[in-house]
Amino acid sequence: ILNISSIATDSNGDTATTSGSIAVNVDPDAPTLSVTDSSVTLSHNVNIPISISTNTADNDDGETLSITISGVPTGLTFNNVSGVDNGDGSWTFAEDQLDGLALIEDNNGIDGDSTDFNLSVSVTATDPDGDTVTTGPQSLHVDLAPESPLFALGNTEGNEDSPIDVQTIIEG
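In what follows, the accompanying structure is described. The structure displayed is predicted, hence computed values, not measured ones. (Residues numbered from 1 in each chain as written. Predicted model: local features only at pLDDT ≥ 70, side-chain atom pairs only at ≥ 80, totals over all residues. Heavy atoms only, no water.)

Further remarks concern the overall build of the chain. Of regular secondary structure, the chain possesses zero helices and 15 strands. By the burial criterion, 30% of the 172 residues in the chain qualify as buried. For the chain, long-range pairs separated by at least 24 residues make up 57% of all intrachain contacts whose partners lie at least 6 apart in sequence. Counting only carbon and sulfur atoms, one obtains 46% of the accessible surface of the chain, whose full area is about 11200 Å². (Helix = DSSP H or I, 4+ residues; strand = E, 2+ residues; numbered from the N terminus. Buried < 20%, exposed > 50% of the residue type's maximum accessible area, 1.4 Å probe, protein only. Contact = heavy atoms within 4.5 Å. Areas by Shrake-Rupley, 256 points an atom, 1.4 Å probe, with all protein chains shown as cover.)

In terms of nonpolar packing, the biggest core is built from 23 residues, with Ile50, Ile52, Ile69, Phe78, Leu103 and Leu119 touching the most fellow members. Looking at this core, the elements with two or more residues in it are β3 (32-35), β7 (64-70), β8 (76-78), β10 (90-94), β12 (117-126) and β13 (132-144). The element contributing the most residues to this core is β12, with five residues. With residues up to four places along the chain from it excluded, the contact list for Phe78 reads Ile50, Ile69, Val72, Trp91, Phe93, Leu101, Ala102, Leu103 and Ile104. (Core = buried A, V, L, I, M, F, W, Y, C linked by side-chain atoms within 4.5 Å.)

Another point: the environment of Gly83. Among the secondary structure elements, Gly83 is positioned in the loop between β8 and β9 (84-85). Between the alpha carbons of Gly83 and Gln97 there is a distance of 7.2 Å; along the sequence they are 14 residues apart. Look past the residues within four positions of Gly83 in its chain and what remains in contact with it is Trp91, Thr92, Phe93 and Gln97.

With that out of the way, let us pick up the packing of aromatic side chains. If you walk through the whole model with that rule in mind, you get three aromatic pairs. Where Phe78 meets Trp91, the ring centres are 5.6 Å apart and the plane angle is 75°; that geometry is what we call edge-to-face. Note that Phe78 is positioned in strand β8 and Trp91 in strand β10, a separation of 13 residues in sequence. The class of Phe78 is buried, set by a relative accessible area of 2%. Their ring planes at 85° and their centres at 5.3 Å tell us that Phe78 and Phe93 sit as a pair that is edge-to-face. Within this pair, whereas Phe78 is found in strand β8, its partner Phe93 is found in strand β10, the two being separated by 15 residues in sequence. Three or more aromatic residues joined by ring pairs make a cluster, and in this case those are Phe78, Trp91 and Phe93. (Phe/Tyr/Trp six-rings, centres within 6.5 Å; stacked < 30°, edge-to-face > 60°.)

What follows deals with the sheet that holds strand β11 (residues 102-105). The strand order across the open sheet formed by three strands is β5-β11-β8, and the pairing between neighbours is antiparallel. In the strand order of this sheet, the two ends are held by β5 (48-49) and β8, each with one partner. (Pairing = 2+ DSSP bridges.)

Moving on to the pairing of β3. Because side chains alternate across β3, one face comprises the buried residues Leu33 and Val35, and the other comprises Thr32 and Ser34, none of which is buried. Summarising the sheet, β3 and strand β6 (residues 52-55) pair through four bridges and their orientation is antiparallel. Following the sheet pairing, Thr32 is matched in β6 by Asn55.

The subject of this paragraph is a nonpolar patch on the surface. Side chains of Leu2, Ile4 and Ile22 sit close together on the surface and give an oily, nonpolar patch of about 250 Å² of accessible area. Note on placement: Leu2 falls in strand β1 (residues 2-9). Under the relative-accessibility criterion, Leu2 is labelled partly exposed at 44%. (Patch = residues over 30% accessible without salt bridge, like charges linked within 9 Å, V, L, I, M, F, W, Y side chains within 5 Å. Salt bridge = Lys/Arg side-chain N within 4 Å of Asp/Glu carboxyl O.)

What follows is about the environment of Asn118. As for its placement among the helices and strands, Asn118 is situated in strand β12. Note on Asn118: relative accessible area 45%, which makes it partly exposed. Residues Asn118 and Leu140, spaced 22 residues apart in sequence, show a C-alpha to C-alpha distance of 5.5 Å.

Following this line, the structure appears as structure tokens:
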């Protein structure tokens, strides 16, 4: 609230005063966002670090930051269980939850037909009055490496110039 008073004085010394208030609503400043790696490769059963840095221009204003990562396919999750799974392929994290953040397979694993995908990262600053401003999105491309086939070879014997049933020596 901006309070304004005006006093007018005439040549006789008489005064008149008028006062008023103006409500001033200041939106938060746009936060900064940096996604360090623009492309990563995800191998099965390997944690992939996600490097995101953010900052708010008004640290003294009580603004908070929330970071949203969307486009997360089924079968993937994050190692930071403090983040919020929004249930629509997006996750929300507080600024202090970004340290050590990594993309990992969940207990069900990645769909075998999955292909490369893009994550979308945005950051929203919220001031104490609930006003918001969002920066982004920035894209993070993820190459999904194919899963190595698992098989074991066994020993077999055969006669010269006779076929050997390969199925009996490959297990998997």
